[in-house]
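Breakdown of the fold
Chain residues, written in single-letter form:
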Amino acid sequence: MALTAIIEAHGGPEQFKLVDLPVGEPGAGEVRIAHKAVGLNFIDVYQRTGLYPMQLPHAMGMEAAGIIEAVGEGVTHLKVGDRAAYACQPPGAYTQARVMPAAQVCPLPEGISFEEGAAMMLKGLTVEYLFHRTTPLKAGDTVLFHAAAGGVGLLACQWARSEGITLIGTAGTDEKCQLAKDHGATHCLNYRSGDWAAQVQELTGGKGVDVVMDAVGNDTFEGSLDSLKPLGMMISFGNASGPVPPFDVGLLGKKGSLKITRPTLFTHIGEHETCQAMARHLAEKVLSGDVKINIGQRFALGDVAKAHEALEARQTTGSTVLEI
């Protein structure tokens, strides 16, 4: 049996319920993993509230790290006793142990702790595809990155610095802006203290940025388009402030023949070999010291509701983990 956080109805953090669930043995293509730490992400909030509906009741959580306890038939990249980490479907990471598909579970190198592994996979693999698999980026390019002091943002700041890319961040306080700059952002704008889109234009000499990476959604969408240079790429990869409303696609032409895409991590990691290659790239960045995992908050599994409250209230910096 494993203590597990589930929801039986969509809604607020009060919907969480802790129950003991049987774990069982892995079937073909599956592993059983005993968790040491679990990561929290905004997609968890989307699933809990019903923005991303799922069949209920259901265990929650998309990311964790631990030790492989059993391996099903056909699994060759992991063995019993291996350290491992993952960020993948289906939800169910808020638990002491689980049986799950093995294809997107990745070896975790010895030089990376379980907490770091749980905190880095979803966010780090997201940054990997943003910088290497979505649109061509090279040293000298300029990126606008919203929520630069969040878990994904702090990784992106460091990643950009390691690649020679100028990153202009946004954040909600001067303290968070300083945190982003400490992690590698070239500039960071407090979006509460002025017209940040106009400031982006000033910082780029009126040219605009090559790429916008925006997980905020509704509140930043229009300003993000106004921050792009002609032929620039808008990457909308999240909805922290709510979904982007429908818009006239002709607007992209009027604003400079802009491009827009709405990628998801789970498309990028859908193929086993691609997922493993992305995880190896991420691990290389961490082991080299180019990217350090900032864990700003820790909660017990039993306090998962409090963790969600802090995440939604924008009271967190860096990554948040549940300790098992």
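We now turn to the structure provided with this report.

How each quantity is defined
- Residues numbered from 1 in each chain as written.
- Predicted model: local features only at pLDDT ≥ 70, side-chain atom pairs only at ≥ 80, totals over all residues.
- Heavy atoms only, no water.
- Salt bridge = Lys/Arg side-chain N within 4 Å of Asp/Glu carboxyl O.
- Helix = DSSP H or I, 4+ residues; strand = E, 2+ residues; numbered from the N terminus.
- Buried < 20%, exposed > 50% of the residue type's maximum accessible area, 1.4 Å probe, protein only.
- Pairing = 2+ DSSP bridges.
- Axes fitted to C-alpha atoms, helices over the stretch in contact; angles between N-to-C directions.
- Contact = heavy atoms within 4.5 Å.
- Right-handed = clockwise from strand over helix to strand, strands pointing away.
- 1 Å grid on protein atoms, 1.4 Å probe; cavity = no way out; pocket = protein on both sides within 12 Å on 5 of 7 lines; lining within 4 Å.
- Points joined across faces, edges and corners; volume = space filled by probe spheres on them.
- Nonpolar A, V, L, I, M, F, W, Y, C, P; charged D, E, K, R; others polar.

Oppositely charged side chains can pair when the atoms bearing their charge come close. Per the counting criterion, the structure on display carries 14 salt bridges. Two residues, Arg48 and Glu312, come together in a salt bridge whose shortest N-O distance is 2.8 Å. Of this pair, Arg48 sits in helix α1 (residues 42–49) while Glu312 sits in helix α10 (residues 304–312), placing them 264 residues apart in sequence. Taking relative accessible area as the criterion, Glu312 reaches 33% and is therefore assigned partly exposed. A salt bridge links Glu323 to Arg298; the shortest N-O distance between them is 4.0 Å. Residue Glu323 is located in strand β16 (residues 319–323), and its partner Arg298 is located in strand β15 (residues 295–300); the two are separated by 25 residues in the primary sequence. For Glu323, a relative accessible area of 38% translates into the label partly exposed.

Here the focus is the sheet that holds strand β13 (residues 228–236). Taking strand neighbours across the sheet as the criterion, the six strands line up as β11-β10-β9-β12-β13-β14 in an open arrangement whose pairing is parallel. The sheet terminates laterally at β11 (187–190) and β14 (259–261), the two strands that pair on one side only. Going from strand to strand, the sheet's axes swing by 15° on average, the running direction of each strand aside. Relative to β14, β13 is paired through three bridges, and the arrangement is parallel. Considered in β14, the bridge of Met233 is made with Lys259.

Looking now at the environment of Leu179. Following the sequence through the fold, Leu179 ends up in helix α4 (residues 174–182). With 31 residues separating them along the chain, Leu179 and Ala148 place their C-alpha atoms 8.7 Å apart. With near-sequence residues (within four places) excluded, Leu179 lies in contact with Ala149, Leu154 and Thr317.

What follows is about the side chain of Thr135. For Thr135, the location among the structural elements is in the loop between α2 (114–132) and β9 (142–145). Excluding residues within four positions of it along the chain, Thr135 makes contact with Val211, Met233 and Ile235.

Our next topic: the pairing of β9. Of the two faces of β9, the one carrying Thr142 and Leu144 and the one carrying Val143 and Phe145 are both buried. Sheet analysis places β9 next to strand β10 (residues 166–171), joined by four bridges and oriented parallel. What sits directly across from Thr142, in β10, is Thr166. Regarding topology, helix α3 (residues 151–163) serves as the crossover connection from β9 to the parallel β10, and that connection is right-handed. Relative to strand β12 (residues 209–214), β9 is paired through three bridges, and the arrangement is parallel. Pairing of Phe145 across the sheet is with Met213, part of β12.

Let us look at the pairing of β10. Most of β10 sits inside the fold, with five of its six residues counted as buried. Sheet topology note: the β10/β11 ladder contains four bridges and is parallel. Bridge pairing in β11 places Ala171 opposite Asn190. Regarding topology, α4 serves as the crossover connection from β10 to the parallel β11, and that connection is right-handed.

Moving on, we come to the layout of surface pockets. There is about 990 Å³ of room inside the largest pocket. Surrounding the largest pocket, 47 residues form its lining, Phe42, Tyr46, Val152, Ala215 and Ala240 being those nearest its centre. Class assignment for the residues of the lining of the largest pocket results in 23 nonpolar, 18 polar and six charged. In this model, the second largest pocket occupies a volume close to 180 Å³. Forming the walls of the second largest pocket are 13 residues, and the residues nearest its centre are Leu21, Gly92, Thr95, Ala97 and Arg98. Secondary-structure elements contributing two or more residues to the lining of the second largest pocket are β1 (2–7) and β7 (97–101). At three residues, the largest contribution of residues to the lining of the second largest pocket is made by β7. In the lining of the second largest pocket, the residues fall into nine nonpolar, three polar and one charged.

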